[in-house]
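# Tertiary structure, described
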Number of protein chains: 2
Amino acid sequence: MNAARRIGVDLSSICGGRGLCGRCVCEPVLGRQQQHAIDSRLRHLTGISEGELRFRARRGLAAGRRLACRTHLLGDMVIAVPEESQEYRAVIRKSEVQVDIPLQPVTTLHYCELPKPGLESNRGEEATLVDALHVQWDFPELHLHPRLLPLLQRSLRDADFNVTVAIRDGREIVALWPGFRDHVYGAAIDIGSTTLAVYLYDLVTGEAVSQTSAMNPQIRYGEDLMSRVSYAMIHPDGANKMTLAVRAAVNQLLSEACEKANVAPQDCLELVLVGNPVMHHLMLGISPIELGQAPFPAATCSWIDLPARELAIVLNPLTRASFLPLIAGHVGADTAAMLLSQLDRLDERVTLLVDVGTNAEIVLAQGQRLCSTSSPTGPAFEGAEITCGMRAAVGAIERVRIDPNTGAVKYRIIGCEHWSDTEKFQKINPPVVGICGSGIIEALAEMARAGVLDHSGALRTSTVLPGMVRVDDCWRYYLGDPATSRIFIQQTDIRAIQLAKAALHAGVKLLMDALGCKQLQRVLLAGAFGSHIDPKYAIAIGLFPEPVAPTAAFSAVESIGNAAGTGATMALLNEQYRHKIRSKVLEVNKIESALAPAFQEYFVAAMGFPEAPEATGRPGRGRRRRAEART
Amino acid sequence: MNAARRIGVDLSSICGGRGLCGRCVCEPVLGRQQQHAIDSRLRHLTGISEGELRFRARRGLAAGRRLACRTHLLGDMVIAVPEESQEYRAVIRKSEVQVDIPLQPVTTLHYCELPKPGLESNRGEEATLVDALHVQWDFPELHLHPRLLPLLQRSLRDADFNVTVAIRDGREIVALWPGFRDHVYGAAIDIGSTTLAVYLYDLVTGEAVSQTSAMNPQIRYGEDLMSRVSYAMIHPDGANKMTLAVRAAVNQLLSEACEKANVAPQDCLELVLVGNPVMHHLMLGISPIELGQAPFPAATCSWIDLPARELAIVLNPLTRASFLPLIAGHVGADTAAMLLSQLDRLDERVTLLVDVGTNAEIVLAQGQRLCSTSSPTGPAFEGAEITCGMRAAVGAIERVRIDPNTGAVKYRIIGCEHWSDTEKFQKINPPVVGICGSGIIEALAEMARAGVLDHSGALRTSTVLPGMVRVDDCWRYYLGDPATSRIFIQQTDIRAIQLAKAALHAGVKLLMDALGCKQLQRVLLAGAFGSHIDPKYAIAIGLFPEPVAPTAAFSAVESIGNAAGTGATMALLNEQYRHKIRSKVLEVNKIESALAPAFQEYFVAAMGFPEAPEATGRPGRGRRRRAEART
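The shown structure was predicted, so the numbers you read here are calculated from the model rather than taken from an experiment.

Cut-offs used in this document
Per chain, the residues get numbers from 1 upward, laid out in the order the sequence is written. Just so you know, chain letters begin at A and ligand numbers begin at 1, following the order they were written in. Reporting in this predicted model follows two pLDDT cut-offs: at least 70 for local features of residues, and 80 or more for side-chain atom pairs to be given and counted; totals over whole chains, interfaces and linings ignore these cut-offs and use all residues. Hydrogens are left out, water is left out, and the side-chain values use all remaining heavy atoms of the structure. Strands are runs of DSSP state E lasting at least 2 residues, helices are runs of H or I lasting at least 4, and numbering of each runs from the N terminus. Categorising residues by exposure relies on relative accessible area from a 1.4 Å probe, with only protein chains included: less than 20% of the type maximum marks a residue as buried, more than 50% marks it as exposed, and the intermediate range marks it as partly exposed. It only takes one pair of heavy atoms within 4.5 Å for two residues to be counted as in contact. Here the Shrake-Rupley method, with its probe set to 1.4 Å, supplies the accessible areas, and only the displayed protein chains count as covering residues. Charge counting treats Lys and Arg as positive and Asp and Glu as negative, with His and both chain ends excluded. We put the charge of a Lys on NZ, of an Arg on CZ, of an Asp on CG and of a Glu on CD. Copy-to-copy superposition: least squares on the C-alpha atoms, limited to residues that have pLDDT of at least 70 in both copies. When two parts are brought into contact, each loses some accessible area as probed by a 1.4 Å sphere; the total of that loss over both is the buried area. Salt bridges are counted wherever a side-chain nitrogen of Lys or Arg sits within 4 Å of a carboxyl oxygen of Asp or Glu. Any pair of nitrogen or oxygen atoms within 3.5 Å is treated as a polar contact; in protein, a donor-acceptor pairing is required on top of that, and neighbouring residues in sequence qualify only through side-chain atoms on both sides. Any two strands between which DSSP finds at least two bridges are classified as paired. Stacked, tilted and edge-to-face pairs are distinguished by plane angle, under 30 degrees for stacked and over 60 for edge-to-face with tilted covering the rest, among Phe, Tyr and Trp rings (Trp via its six-membered ring) whose centres lie within 6.5 Å. Any Lys NZ or Arg CZ found within 6 Å of a ring centre and within 35 degrees of that ring's normal is scored as a charge over the ring. Start and end positions for the domains come from either an automated domain assignment or a database one. Interaxial angle, 0 to 180 degrees, is taken between N-to-C directions of lines fitted to C-alpha atoms, where a helix line uses only the stretch in contact. Angle categories: roughly parallel below 35 degrees, roughly antiparallel above 145, roughly perpendicular from 65 to 115, and oblique for all the rest. Should the near helix be turned counterclockwise from the far one by less than a right angle, the crossing is left-handed, whereas a clockwise turn marks it as right-handed. Polar here means any residue outside two lists: the nonpolar Ala, Val, Leu, Ile, Met, Phe, Trp, Tyr, Cys and Pro, and the charged Asp, Glu, Lys and Arg; Gly therefore counts as polar. For every residue, the predictor states its confidence as a pLDDT score lying anywhere from 0 to 100.

A word on the overall build of chain A. Helices and strands together make up the secondary structure of chain A, namely 17 helices and 27 strands. Dimensions of chain A, computed from C-alpha atoms along their principal axes, come out at roughly 100 × 70 × 50 Å. By residue count, 58% of the 631 residues in chain A fall in the buried class. Relative to all contacts within chain A whose residues are 6 or more apart in sequence, the contacts with residues 24 or more apart total 66%. When the accessible surface of chain A is summed, it comes to about 25800 Å², and 51% of that surface belongs to carbon and sulfur atoms. Charge-centre separation for chain A: the mean point of 65 positive side chains lies 3 Å from the mean point of 67 negative side chains.

Once chain A is rotated about the relating axis by 180° and shifted along it by 0.0 Å, it coincides with chain B to within an RMSD of 0.2 Å. These values place the two chain copies in the arrangement generated by a two-fold rotation axis. In terms of proximity to the rotation axis, the leading residue of chain A is Pro307 of chain A, whose C-alpha is 6.0 Å off the axis. Comparing contact sets, 100% of the residues at the interface of chain A also lie at the interface in chain B, consistent with an isologous, same-surface contact.

Glancing now at the interface of chain A and chain B. The interface of chain A with chain B comprises 40 residues on the first partner and 40 residues on the second. Taken together, both faces of the contact between chain A and chain B bury some 3300 Å²; the carbon and sulfur share is 56%. There are six salt bridges connecting chain A and chain B. In this structure, the salt-bridge partner of Glu310 of chain B is Arg309 of chain A, at a minimum N-O distance of 2.7 Å. At the boundary of chain A with chain B, the tally comes to 20 residue pairs in polar contact (both at pLDDT 80 or more). Among the elements of the structure, helix H3 (125–137), helix H4 (149–158) and strand E14 (304–307) of chain A are those that each provide at least two residues to the side of chain A that touches chain B.

Taken in spatial order, the three strands of this open sheet run E2-E1-E3 (chain A), and their pairing is antiparallel. Two strands in the sheet have a free side with no partner beyond their single neighbour: strand E2 (66–67) and strand E3 (78–80) of chain A.

With that out of the way, let us pick up the pattern of salt bridges. Counted according to the given criterion, the structure contains 55 salt bridges over all chains. Two residues, Asp158 of chain A and Arg154 of chain A, come together in a salt bridge whose shortest N-O distance is 3.3 Å. Of this pair, Asp158 of chain A and Arg154 of chain A are both found in helix H4, four residues apart, which corresponds to roughly one turn of the helix. According to the relative accessible area criterion, Arg154 of chain A is partly exposed, its value standing at 46%. Here Arg157 of chain A makes a salt bridge to Glu290 of chain B, at a shortest N to O gap of 3.0 Å.

Let us now look at unusual backbone geometry. The step from Ala294 of chain A to Pro295 of chain A runs through a cis peptide bond, and the omega angle for that step is 0°. Among the structural elements, Pro295 of chain A can be located in the loop between helix H7 (277–283) and E14. Within the chain, Ala312 of chain A stands out as a residue other than glycine whose phi angle is a positive 60°. Its place among the elements puts Ala312 of chain A in the loop between E14 and strand E15 (320–323). Not every positive phi belongs to a glycine, and Phe161 of chain B is a case in point at roughly 65°. Looking at the element boundaries, Phe161 of chain B is found in the loop between helix H4 (149–158) and strand E8 (162–168).

Moving on to the packing of aromatic side chains. If you walk through the whole model with that rule in mind, you get ten aromatic pairs over all chains. Taking 5.7 Å as the distance between ring centres and 75° as the angle between the ring planes, the aromatic pair formed by Tyr111 of chain A and Phe180 of chain A counts as edge-to-face. Highlighted residues: Tyr111 of chain A in strand E6 (residues 107–113) and Phe180 of chain A in the loop between strand E9 (172–178) and strand E10 (185–191), separated in sequence by 69 residues. Judged by its relative accessible area of 4%, Tyr111 of chain A falls in the buried class. Positioned above the aromatic ring of Trp419 of chain A is the side chain of Lys410 of chain A, whose terminal nitrogen or guanidinium carbon lies 5.1 Å from the ring centre. Over the ring of Trp419 of chain B we find Arg412 of chain B, and its NZ or CZ is 5.6 Å from the ring centre.

The subject of this paragraph is the domain arrangement of chain A. Split into domains, chain A comes out as domain 1 (2–85), domain 2 (107–178), domain 3 (185–323), domain 4 (347–379 + 497–605) and domain 5 (383–491). Of note, the centres of domain 1 of chain A and domain 5 of chain A, computed from C-alpha atoms alone, are 64 Å apart.

Further remarks concern the packing of H3 of chain A against H4 of chain A. Packed helix pairs are characterised by how far apart their axes lie and by the angle those axes make with each other. Residue and element names in this part refer to chain A. In the contact formed by H3 and H4, the axes pass within 10 Å of each other and the chain directions differ by 60°. In terms of orientation, H3 lies oblique with respect to H4. H3 and H4 meet at a crossing whose hand is left-handed. Each of Glu125, Glu126 and Leu129 in H3 lies in contact with H4, whose residues at this interface are Leu152, Gln153, Leu156 and Arg157. Of the residues that constitute the contact of H3 with H4, the class distribution is three nonpolar, one polar and three charged.

Moving on: the pairing of strand E12 (residues 208–215) of chain B. Residues and elements named next belong to chain B. Of the strand pairs in this sheet, strand E11 (residues 195–202) and E12 are connected by seven bridges, and their pairing is antiparallel. Within E12, the position partnered with Ala197 by the bridge is Ser213. Between E11 and E12, which pair antiparallel in sequence order, lie five residues; one of them, Gly206, sits at a positive phi of approximately 80°.

Time to look at H4 of chain A. Listed in full, the buried residues belonging to H4 of chain A are Leu149, Leu152, Gln153, Ser155, Leu156 and Arg157 of chain A. In this structure, the buried residues of H4 of chain A make contact with H3, strand E7 (143–144), strand E8 (162–168) and E9 of chain A together with strand E14 (304–307) of chain B. Looking at the residues trailing H4 of chain A, positive phi occurs at Asp160 of chain A, about 55°.

Moving on, we get to helix H8 (residues 333–342) of chain B. Burial analysis of H8 of chain B places ten of its ten residues in the buried class, which makes it a mostly covered element. Among the residues of H8 of chain B, those classed as buried are Ala333, Asp334, Thr335, Ala336, Ala337, Met338, Leu339, Leu340, Ser341 and Gln342 of chain B.

All names here are of chain A. As for its placement among the helices and strands, Ser485 is situated in the loop between strand E23 (474–478) and strand E24 (488–490). Judged by relative accessible area, Ser485 falls into the buried class, the value being 13%. For Ser485 and Thr387, which are 98 residues apart along the polypeptide, the C-alpha to C-alpha distance reads 14 Å. Excluding residues that lie within four positions of it along the chain, Ser485 makes contacts with Tyr478, Leu479 and Gly480. At a separation of 3.2 Å, a polar atom in the side chain of Ser485 contacts the main-chain amide nitrogen of Ile487.

This part takes up the pairing of strand E23 (residues 474–478) of chain B. Regular strands place their side chains on alternate faces of the sheet. Residue and element names in this part refer to chain B. Relative to E23, strand E22 (residues 468–471) runs antiparallel, the two being bridged by four bridges. Counted as the bridge partner of Met468 is Tyr477 from E23. Connecting the antiparallel pair E22 and E23 is a turn made up of two residues, with Asp472 showing a positive phi of about 50°. In this sheet, strand E24 (residues 488–490) lies alongside E23 in antiparallel orientation, the contact comprising three bridges.

Our next topic: the sheet that holds strand E15 (residues 320–323) of chain B. All names here are of chain B. Ordered by their spatial adjacency, six strands build an open sheet running E12-E11-E10-E13-E15-E14, and the pairing between neighbours is mixed. Edge positions in the sheet fall to E12 and E14, since each of these pairs with one other strand and no more. Ignoring which end each strand starts from, the neighbouring axes of this sheet average 15° apart. Against the sheet, helix H6 (residues 238–260) engages strand E10 (185–191), E11, E12 and strand E13 (268–275), with an angle of about 35° to E11. The strands touched by helix H14 (residues 563–573) are E10, E11 and E13; relative to E10, the strand with the most contacts, the crossing angle is about 150°.

The next point concerns the confidence of the model for chain A. Keep in mind that low pLDDT regions are not for reading the predicted coordinates in detail. All names here are of chain A. Averaged over every residue, the pLDDT of chain A is 87; the share at 70 or more is 91%. Note on residues 612–631: pLDDT is under 50 here. Beyond four places in sequence and across chains, it has 42 contacts. The ipTM value of the predicted complex is 0.83, and its pTM value is 0.84.

Okay, structure coming up:
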């Protein structure tokens, strides 16, 4: 272990070289000069030690592997360090999108053996502990959190003056346990307006140990962000009620996550939170009303680091909670997290990052240049404000195809892999509950392609097509046979989607102006909407300007999954990412779409439907391609 | 004001030069070249400004005085800066012992005018505030405590974006108020085993605004320290009960102190606490049991700085509490405070500092060299364990004289200025309740001088003296006529005092050995006992070795009053003292009297009674002077 350190190979360790934690397992390999004898790999090493035998009996040790801390080098050797023994080893997240996160959490465990108090030493046992950690672990500026003082002497005596401490940020001892210990936990928390999610991690191994999620209970005070801000404006205690609601729900999720993974809540010492500005403010107990009126100032955009119990979170009294910075009063910590999750992938390509929620938060990046805005898309993409709309859940139509020649409609629903026109589907006959955001986008794109819509988005009612039914002076377009299908789209639904996509499109155009670029080269779509939507249809409906060459376009659009959660996890598992995103958000050029004169113009221009590239249209119904679809 | 700063004259200011706080009042004086004209003192100054007129109307401004922040220099002038305008002005404490404390508290007020949020600025209002304080007050590394975030935007808007902030340690904003404000408070808290005292100060003016005190309610768990430690050892919840009791009492005292001074509790932002190691541990919620068994390790001896609410103190949630460091497990923060209170007076003279309580805590200093110990005097000096003993309260005998020729006894009691043998005393006839520590010391010294005691401390019963009465085989020496007086001293009382004084004396001797000095040159007596005791008798009874030349001895003994309270106040009012004492305690050579082989020897040698210098003794009763009285 000393040899490794001397040549700059960082071996992991909790026990400080006492053969307890097994983090320094390594594997002697055959050196060039040693190939002459089968057992020569052992020649330049001391034999298996007592400590290794004990460790092998207790925890297991694969044949040929050694504990670096218990093994002496007797001469030149080639030693392989398996990834799990590397100090900053990468953690592969098991989600739809894999991200390698080198493990370097802000809170780390360290085992330490103390001298027993002698008659001559009388500087206090805190000083003894701090000195030992300085000598044994090289922390020169350490102090014990005062809350731990009442536990110190008991803990030391419970295991013969051997303790494991959790050290935060190399400066503060935030937990201590008698004897040896090798687990401590942390959680990434994504506070969405709709959904709350908690991801619990073992900070020593980097392993995801459990995950919980629930609806944001604030929904009862308003479906979308602006209605929650209004609720706070109208009701004197409104903001406080929403704060209490979300905190209670986060507590509940944390408690369930701990229970699922059999983790004691007091062992969860570190939280990282993300959310949009309104969620951020409400979670922190700040009234969001200023975020709802010009000039929309946030109380703070800074990185927040505070005791979790200030947020009424009941874990360990010393658990710390950190909130990623807001980018601006209208671009949140969720966007900062999305940016963080892709930071290492950004290059000279003009890259659009979009997280579509009730607001679309948008970042445009090229090299080191970054700009960002949010667009008021409203909740239509999430299925709200749509007559038959629903969230992306079982029973929701998510894929739609219309035969442009026959007008026949087929669809697929979440929870069933078969298209509605197949025998298997009809045999299963699953309940069709509604249509979700990606479903309605495909429906509209297909409707436009099939000539059901004109380019302004009006339903073509001059010739009655299959599925078109008039009810109370209002036309409905049924997905399937109107006699049996309950799911239809009407003009108001189309308008809601048009407003939403025009807002997003106009926001992207503003950012392109700000960066001075004419064309996107890559589009990264975050969030549930981003993973459900088919990029082909996103482009067909004009959610954003088409990236680069139309033929290569589809591969230029990529779903990046739950980017907010990924960013939060990165900040949880590696403190370097905290510094990175703190400085990065300061470099972002913030565009306030409400104040940009060009926004209205772009918005109006983006209302219509461009034809899909392969659109063939019925004969005689050829439409003029819209100007920006060609640029 | 700018001119003053440029030449290094620090003028005080809260409002930052806006003519609001009046802290920069100064007085133009006649310059040498200007004596030719009566109004020339005004010649090189701009006229009275609008701001000064408003200030004069609102707050008053003496004739000839000007606000430096509103007055421009037009040429050379001599300007006097009155002490109250000097930034680090001395505060004179109104107590028995006056100490000048330059005012430089760790928490300071600063008024600030912010730009209103514009449509272009969107870094959050916290950043706006921090930037303004940086520009207007030169705090480069400031942050807002996260607890204040929910109040920030409302506070800014309540007074048109003008706020006063309290800044702690130049780094953290810990309070904010809309508009201008010029008072903030702090308290020094002395946690004695017997008495708790709270001293409330205005941290802007340095003025003592109120004071409260009460018995330490822990007394119900044990009169002295060791019995409280025993209580904690025997009862599983014992330490916790004592912690709750003392915290409740401190809360009560703080609340009363605020009420007396009409101060809102949330405006009290800073606390400094002192106490002996057991009180220190119990207040911090640390079990004191390790302090009661060898090797007596303290959990911590460090300077403690923590949120006051961690001590269950209910003031402002952001109030900070600091505990002065312990010197060692057996020498407390009260001793550190005593040392701090005298630090500036220490010189090359060998100086003994003593605070007599249940334990005597002792510091011996010569130049930069310091050593310290505590001696287990027990509670006898406080009147406990003495048959007719009581605390120094009304009705307690505190002065005793015995005529060596006639054996006639006279005394004085607390609460009456007349001696008991005067007509006035007999006319008033106040109730005589008992005898306090200083009374019994004088009594014993006088008894020795009058031959009632022999040098070993035995009552001389061979010839029955006036006042000597035998009750149940046990001799009592009554102070006054046994027929009417209820107050007597018996052999067990004398033994208790002998043990106490021998412990103190032996402790002092150990320290003299440690410093390698043969003679004391100055003795500073702290605490109530120190102020009540007559130095002549302290020496006569042998509490400590006689300082220097016997003739000049009495002036070498000085009472320094409530030195623990003074030290705590100094740390409260001037942060420099915090640094001073933190580094000073590390320099103290700690002597554990229980471990020093010489202690027993010194102890035994100090048991007897040296003759008072002017002792005449009855004929035929001359006694051998004890060896160390001659050295």
